[in-house]
Amino acid sequence: MRKYRKVLLLGCLCGILCVFSDMVNMEEVSLSQIILRTTFSQTWYHAGFIMSIMKMFIPLLLFQILCGSMIYRYFCCASVYYFTRNASRIKWFLLECAKLYLTCLSFLIIMILTGAAALLLVGKVTIDSSVVWIGGYYLLIYSLYLFGFTLGINVLSLAWNSTAGIAVPAIIQIMGIAFYTMMSQFADPVTGYLAADSAWMVYINPFAQLAFGIHTRNGKPVFSIFGPQEFPFELNMSVAYVGIIAIFAVAAGCAAVNRHEFITNDKEIE
Amino acid sequence: MKNSFKMQFREIAVKKTTVATYLAVLLFVAVNFSVNLLENREIQYVSQMYDPIKKLTWSSWSVSGYYLMQLFPLLAVFPTATSWISEKNSGIHAYIRSRSGEREYWYGKMGAAFVISFLIFTVPFLLELLLSIICFPMQSAGDPSGFSYLITVEEGTGYILSQLFYSNKVLYAAVFILIIGCVAGGFAVFNLFVTTLPGFRYKIFTFFPIYIFLFLLTVGESWISPNESLYYGLLLTMFESGNANYPLFAAVIVGMLAISFLLAERKIREGGVR
């Protein structure tokens, strides 16, 4: 229970420090606006936005670090005792995955609700109809993304060690953000939009899946400040992308826990 | 103290993480230098060439440097972050402490962490500077923006140490590289000493402190310094004329080192009691 308490505390802190501090000057704000603000919709693929992107991204990274040893710690502290009594490691691992996914969901919900509750104290928070689909996609995409990468850290820590376990996913994500903000170099200098033949840069970038500001839903932009792009980037595509990451992480994890030698696996003392 | 420093420096310097970090930084520098070489190969006249100092890795005109800057906090703490946890888990700290003494152990560790990060973030860049001086004509003063020299002089006074750049550009680059090395050392020392607090059981948690610190700095920026940025990426980039609060950032780095000293003293006192 203690580890979940830490996650919830982190969610509350991030809600106040990210959501509340970012929107405290707005007199009236809707719940969908709060979610859109957290989903990088105020940013664009330009180097000038790197600071605001990093500010909103650090809570996700902190969550990954905090939960990156959630499954791995069994192999550090209790492996011999624990796994000699576990008939099916895969079953145990899938159960742990379900717990991790629920933790990801709780973190995201707590973060948004804490931010909204804090804003309610100083102003007015309204609930609009679009919150249903924006919130739905937010929870689906962000929870699967967080789950995939956090599980990836656990699995890599198991397979190699926890230093490499955190370094590889962190570098992939930070480089994804850096590449995203550098995409403006390939954009049209007048309009600032990427041409349709450069769409692959957006499609393959893991960070771009989180940026609702460049997404479309049924062909229309999710957030219209930056206008329609020259190519579609449907939210459903991002759901599929992060879903694949999550499935891949689960599959790799199943293989890793099954093959791992649990007697000599505490790499924390190396 | 000297022996303790030497022992710990040698131990951290040969770690896989240190070598990997050094190679990663070297790779970014090599990519930038190769791009500069290829760009200059196409140009016939010295007058058309860009100023080599403006194309160094830490310059705002370097793409490779931009990517490296995003990884800077992670790479700065990467070689030394797990140093205390590893020694604690393996029990080697008792051996070093018994040989060198409590105070010598902790200050030796602080010195080793600072010097390792400082060297990783200075040696490759000083090497690049040296190679640029050898390979490219230093009299070329072209600006990558394409504007004329006079316009860039007029507009370029907004960035830090710009006066030094116009009087001696090699010295400007060297000083800037040394400043970045000191910031990297500060990050490494702070991160390492925060991990001596209770609660850091796993290596993975040792990367927490620097990110929490940077997160709080970005959030607090709107209250502490609303008109000037405290974003490290802006402050540590050459020729970046954005609105940045250098004195406050310097005070923050000094504050980080002061916290590290306090944490070291706390550990020394704890060790003495036992």
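About the cut-offs
Residues numbered from 1 in each chain as written. Chains lettered and ligands numbered in written order. Predicted model: local features only at pLDDT ≥ 70, side-chain atom pairs only at ≥ 80, totals over all residues. Helix = DSSP H or I, 4+ residues; strand = E, 2+ residues; numbered from the N terminus. Rg over C-alpha atoms; globule rule 2.2 N^0.38 Å. Buried ≥ 20, exposed ≤ 12 C-beta atoms within 10 Å, placed from the backbone. Contact = placed C-beta atoms within 7 Å. pLDDT = per-residue confidence, 0-100. Axes fitted to C-alpha atoms, helices over the stretch in contact; angles between N-to-C directions. Parallel < 35°, antiparallel > 145°, perpendicular 65-115°, else oblique. Left-handed = near helix turned anticlockwise from the far one by under 90°. Nonpolar A, V, L, I, M, F, W, Y, C, P; charged D, E, K, R; others polar. UniProt positions renumbered as here; feature names shortened; annotations may be inferred. Core = buried A, V, L, I, M, F, W, Y, C linked by C-beta atoms within 7 Å.

Chain B is annotated in an unreviewed UniProt entry as ABC-2 family transporter protein of Sellimonas caecigallum.

As recorded by an unreviewed UniProt entry, chain A carries the name ABC transporter permease and is attributed to Sellimonas caecigallum.

A. Examining the overall build of chain A more closely. A count of helical and extended segments in chain A gives 10 helices and 4 strands. Taken from N to C terminus, the helices and strands of chain A fall in the order α-β-α-α-α-α-α-β-α-α-α-β-β-α. Whereas a compact globule of 270 residues would reach a radius of gyration of roughly 18 Å, chain A reaches 20 Å, a difference of no more than 12%. Reported as C-alpha extents along the three principal axes, the dimensions of chain A are approximately 60 × 45 × 30 Å. Here chain A holds 270 residues, and 45% of them are scored as buried. Excluding contacts between residues fewer than 6 apart, the proportion of contacts in chain A whose partners are at least 24 apart in sequence is 79%.

B. Highlighting the confidence of the model for chain A. The predicted model of chain A averages 87 in pLDDT, with 92% of residues at 70 or higher. Mean pLDDT in chain A bottoms out at helix α5 (residues 79-83) of chain A, which sits at 71, and peaks at helix α7 (residues 131-159) of chain A, which reaches 94.

C. Structural context of the packing of helix α3 (residues 50-67) of chain A against helix α8 (residues 162-182) of chain A. Residue and element names in this part refer to chain A. For the pair α3 and α8, the least separation of the axes is 12 Å and the interaxial angle reads 160°. The angle between α3 and α8 places the two elements in the roughly antiparallel class. The element α3 and its partner α8 pack so that their crossing is right-handed. Residues I50, I53, F57, L61, Q64 and I65 of α3 form the contact with α8, whose own contacting residues are I166, P169, A170, I177 and T181. Across the contact of α3 with α8, the residue classes tally to 9 nonpolar, 2 polar and no charged.

D. Broad picture of the environment of L197 of chain B. Residue position: L197 of chain B is located in the loop between α10 (169-194) and α11 (208-224). Each C-alpha atom of the pair L197 of chain B and L216 of chain B lies 19 Å from the other, and the pair is 19 residues apart in sequence.

E. Representation of the environment of N161 of chain A. Residues and elements named next belong to chain A. Summarising the element assignment, N161 is placed in the loop between α7 and α8. With 21 C-beta atoms packed within 10 Å, N161 lands in the buried category. Along the sequence, N161 and V24 sit 137 residues apart, while their C-alpha atoms lie 42 Å from each other.

F. Main features of the UniProt feature "transmembrane region" (unreviewed entry) in chain B. Residues and elements named next belong to chain B. With numbering aligned to this structure, UniProt lists the feature "transmembrane region" (unreviewed entry) at residues 20-38, 58-85, 106-127, 170-193, 205-224 and 244-264. Counting secondary structure, residues 20-38 comes out at 100% helix and 0% strand; the distance between its end C-alpha atoms is 27 Å. From the first C-alpha to the last, residues 170-193 spans 35 Å; its make-up is 100% helix and 0% strand.

G. Layout of the nonpolar core. By size, the foremost hydrophobic cluster in this structure holds 154 residues, and its most contacted members are V77, A184, A188 and F207 of chain B. For this core, the element with the highest residue contribution is α7 of chain A, accounting for 15 residues. Ignoring anything within four residues of it in the chain, the contact list for V77 of chain B reads F187, A188, N191, F207 and I210 of chain B.

H. Representation of unusual backbone geometry. Residues and elements named next belong to chain B. Positioned with a positive phi, L161 is a non-glycine residue whose angle comes to about 60°. Mapped onto the elements of the fold, L161 is located in the loop between α8 (149-155) and α9 (162-167). Taking the number of C-beta atoms within 10 Å as the measure of exposure, L161 has 16 and is therefore partly exposed. With a phi close to 65°, F239 is a non-glycine residue in the positive phi region. Note on placement: F239 falls in the loop between α12 (232-235) and α13 (246-273). Note on F239: 25 C-beta atoms within 10 Å, which makes it buried.

I. Here's a closer look at the interface of chain A and chain B. Each partner contributes to the interface: chain A provides 29 residues, whereas chain B provides 27 residues. Those elements giving two or more residues to the side of chain A that touches chain B turn out to be α1 (2-23), α3 and α8 of chain A. Per-element tally for the side of chain A that touches chain B: the top contributor is α8 of chain A, with 12 residues. Its residues assigned to classes, the side of chain A that touches chain B shows 18 nonpolar, 7 polar and 4 charged.

J. Inspection of the UniProt feature "transmembrane region" (unreviewed entry) in chain A at higher detail. Residue and element names in this part refer to chain A. According to UniProt, the feature "transmembrane region" (unreviewed entry) maps to residues 45-63, 100-122, 134-156, 163-183 and 238-257 in the numbering used here. Span residues 45-63 is 74% helix and 0% strand, its end C-alpha atoms 24 Å apart. Here residues 163-183 is 95% helix and 0% strand, with 30 Å between the C-alpha atoms at its ends.

K. Geometry of the confidence of the model for chain B. For chain B, mean pLDDT is 87; residues scoring 70 or higher make up 96% of the total. Predicted complex metrics record ipTM = 0.86 and pTM = 0.89.

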